[in-house]
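So the chains spell out like this:
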Amino acid sequence: MSGRPHSRSAEEVLSALDADPGGLSAGEARRRLAAHGENEVVGTGGRTWAGILLTQFDSVLIWVLVVAAGLSVWVGHAVDAALIVVIVGLNGAFGFAQDYRAERSLEALRKLTAPTTTVRRDGESVVVPATELVPGDVVELGSGDVVPADARLLDETDLGVDESALTGESVPVSKGTEAVDAGTPLADRRGMVYKGTNVTRGSGVAVVTATGMETEVGAIARDLASIEGTRTPLQRELDGLGRRLGLGVVGLAALLVPLLLVRGTPLLDAGLTAVSLAVAAVPEGLPAVVTLTLALGVRTMAEENALVRRLPAVEALGAVDVICTDKTGTLTEGRMHVGRAWIDDRVLHLDGDGASDRLDLLLRAGALCNDATLDDGEPTERALVEAATDHGIDVAALRERRPRTDEVPFSSERKWMGTVHDDVAYVKGAPEVVLSKASGVLSADGTVDRSDAAAERVRERVRAFADDALRVLAVGYTDSPDELEGEELVVVGLVGLIDPPREEVAEAIAATTRAGIEVKMVTGDNAHTAAAIAESLGIGTEVVEGSEVERLGETELEARVETADVFARTSPEHKVRILRALKRNGHVVAMTGDGVNDAPALKSADVGVAMGNRGTDVARSASDVVLLDDNYATITRAIERGRAIFDNVWKFVAYLLSANVAEVAIVLLASLYGYLVLPAVQLLWINLLTDGVPALTLGADPRSGDVMERAPRDPARGIVDRGTLGLMAGAGAVSTAVMLGVLFHALDGAPAVTPYAMTMVFTGFVALEFEKLYVIRWVRDTPTLSNPWLLAAVGSSLALQLAVLYTPLNRYFGTVPLAAGDWGVIATALGVALPGYLVVAAAVRRWRE
């Protein structure tokens, strides 16, 4: 129905829906089903498998490689073209496998629909598939039911609903039938129940106000479908690099071919040189090496309980400078726990203070006036049973010795529960209600204090517990069970319950703060509870409520998100707005969460982090990273791993690009002298040999000791920063100068390139690249012999290079065997290049500090 049913009386809602408490007729239900459609959450705009596959090749760098392959075929170099196609294909297949698994968010939302529900049709209660519900249907709800649609309550008896997945509330909500203000947050709309939430106790009757995509869960599904996947800084930078390389290749070819034609070079040879230049300029192994390096990081992170669902998220973790974290089940344990008790005018911390007779009485009363067990029941009652058990009380045996002979069940109107056990009755409930029924308070000496001062002491302690974000219950007893409804209670004491912070969270937050990362709590819970938890964890105390977020304009919100520590009573829309404001301010944002209400924000974040155990399927499917142990501390380890992976990505990007600069310079300068050196097949072999497995094994480099002491990297700075450019230019110039020296030494005045000269440049370049690789690792403070995989890769690559010199393979590469003296020349070249490389590396280290 249109409007806000939570702000209208039940009678007004029934009238607006043209319905009555007896339900719709079967014929009217069929008519409305045809008009409104089935009560299902369906995907809109989701990607097909074909679309996912095509996006793997939506990269300028990939298209540059495809063009290079086409040019290779044109000039008769089919082997070169085949190598490029294989690299591009493998990269696309790997990315497809990752992305296809990630497209499950909307399917998970559909699982929230109850399979059947009890509905009133033609005045009778019948069970129908939940998909057949329509607005105006009257449904009956009972304990254990999944609410099948959004509905306005007409009647209820002690109805409690767990809405934590939708609102972030840590305890079930007691429902009623009264209307609330139109602007009331979803979590406080007591007269409404929402699709996909769970009935934990009691019963109710409600009229359906929205079905399918018109429900709150449906709105989340639409948000998920409309949110485009966020591209990480590395993805954006690689696309930009591809565009620049593409333009550079076209520019070089446009410059080189006319120059060669002017010099009298035949058109075919000029085209062949242009293809060689294109192959030299494009790091065709870069997409594959980036992908496989991130995959190695994924495997390592999985061993540390962080399951990465989208590869680029590994790199994005290293740039995160703000974490927006949910509270319930993420920072806290997601369960109620009795933290404190007040008896004998003193506060006891149940986790530390010893037992006493008065505490024993309080816990026994709480366990007997209770319907829960350790494994089942309403969370608050389970917490009381758990507290009694932890203090040595066998609750099952106690209940057997003191059987219940009568009871007054809890209701949201009554706000207390009482049970009779022969000659004594116990009561627990809201403190103000229990106190209003009390004739006295048990004092420290065991007598009953009937003074007004005693009652005021109880009220003062209730206020103090509430200020610490504790949910407070009062426990009392009477020796006159027949007077249970009267005012003869004696207050035994108070219990303070809380959803406690997880033990490791405070240190994890401190570690992320030391790493220059801000932590902000974004929760659907109330401001008082959220602020208390945030303060105890060291997050901060400045609170902004969802109602304020709703009032602020975009510019105002951008300023507010910088100063706020806690966002409370937030809706899914609020969370997405907060994230977008932070991202507009230039932050790289990670969002943690576990509920359905967190899914749009998880998908909008640069890195969405869901809880693996407590999290809903919806949250996990919308996320980039799933914490398998639900441990916030795992986020810190994941960020540390992400930063280390970025360091390693920087090493091989700098390594690849500096090599390509040297290759382009050698081919270009030699061609201007009239020498066609390093044909396409040799250039591809160099790239495969030096940029393939050796570059990949850089992903196994150990992380530097200061990785979590640095500030988060600026994503605007990127990988190709001035340090990278300096390394490309400086190391490239050193390699070019040394290799041109080797070339002219080998030519010894010959008018054309000989196979011998070509082999010397080909082999010398491979050796120089491996020398430079170890110098680049030194820029990032990586010990020389710290990576045995790299040593093995370099050794294997050198062995393969020898194979193309000294086996029949040499006829495919145009090479000849080298003599011992030739190796002496190459060794001399290495010795000449090393000081130059080290000077360049030292300058880059200073630039990066």
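Just so you know, the residues in each chain are numbered from 1, in the order the chain's sequence is written. Where totals are concerned, whole chains, interfaces and linings use all residues; where local detail is concerned, this predicted model gives features only for residues with pLDDT of at least 70, and gives and counts side-chain atom pairs only at 80 or more. Derived side-chain values reflect all non-hydrogen atoms in the structure, with water molecules and hydrogen atoms excluded from consideration.

*Asks:* What am I meant to see in the packing of aromatic side chains here?
*Replies:* Given two aromatic rings, one states the distance between the centres and the angle between the planes to describe the pair. Two aromatic rings from Phe, Tyr or Trp, using only the six-membered ring of Trp, form a pair when their centres are within 6.5 Å; if the ring planes differ by under 30 degrees the pair is stacked, by over 60 it is edge-to-face, and anything between is tilted. Going through the model one piece at a time under the given rule, you end up with two aromatic pairs. Ring plane angle 70° and centroid distance 6.2 Å describe the contact between Tyr675 and Phe744, whose orientation is recorded as edge-to-face. Of this pair, Tyr675 sits in the loop between α25 (633-672) and α26 (680-691) while Phe744 sits in helix α28 (residues 722-747), placing them 69 residues apart in sequence. Per-residue accessibility, obtained with a 1.4 Å probe over protein chains only, is compared with the maximum for each type, and a residue is labelled buried under 20%, exposed over 50%, and partly exposed between these values. Looking at Phe744, the relative accessible area reads 34%, which means it is partly exposed. Here a strand is any run of E in DSSP of at least two residues, a helix any run of H or I of at least four, and the numbering for each starts at the N terminus.

*Asks:* Which parts of the structure should I look at to understand the sheet that holds strand β19 (residues 518-522)?
*Replies:* Strand pairing in a sheet relies on backbone hydrogen bonds, with the paired strands running either antiparallel or parallel. By this definition, two strands are paired if DSSP reports at least two bridges between them. With respect to topology, eight strands assemble into an open sheet ordered β8-β24-β23-β22-β9-β19-β21-β20, the strand pairing being mixed. Edge positions in the sheet fall to β8 (306-308) and β20 (543-545), since each of these pairs with one other strand and no more. For this sheet, the mean inter-axis angle between neighbouring strands, taken without regard to orientation, is 20°. In this sheet, strand β21 (residues 566-568) lies alongside β19 in parallel orientation, the contact comprising two bridges. Looking at β21, one finds that Met521 is bridged to Val566. Sitting on the sheet, helix α21 (residues 554-563) is in contact with β19, β20 and β21, with an inclination near 110° to β19. Against the sheet, helix α22 (residues 572-584) engages β9 (322-325), β19, β21 and β22 (589-593), with an angle of about 160° to β22. For helices, the fitted line uses only the C-alpha atoms of the stretch in contact; every axis is such a line through C-alpha atoms, and the angle between N-to-C directions lies from 0 to 180 degrees. Residue contacts are counted whenever heavy atoms from the two residues lie within 4.5 Å of one another.

*Asks:* I tried to follow the packing of α28 against helix α29 (residues 755-779) on my own but got confused; where do I start?
*Replies:* The relative placement of two packed helices comes down to the angle between their axes together with the axis-to-axis distance. At their nearest, the axes of α28 and α29 sit 9 Å apart, and the two run at 150° to each other. Between α28 and α29, the angle falls in the class roughly antiparallel. Of the two possible hands of crossing, α28 and α29 adopt the one that is right-handed. Residues Leu727, Ala731, Ser735, Val738, Met739, Val742, Leu743, Ala746 and Leu747 of α28 pack against Tyr756, Ala757, Met760, Val761, Gly764, Phe765, Leu768, Glu769, Lys772 and Ile776 of α29. When residues are sorted by character, Ala, Val, Leu, Ile, Met, Phe, Trp, Tyr, Cys and Pro go into the nonpolar class, Asp, Glu, Lys and Arg into the charged class, and all the rest, Gly among them, into the polar class. Residues of the contact of α28 with α29, tallied by class, amount to 15 nonpolar, two polar and two charged. By the definition adopted for this analysis, an angle is roughly parallel if under 35 degrees, roughly antiparallel if over 145, roughly perpendicular if from 65 to 115, and oblique otherwise. Take the far helix as the reference: if the near one is turned anticlockwise from it by less than a right angle, the crossing is left-handed, and if turned clockwise, right-handed.

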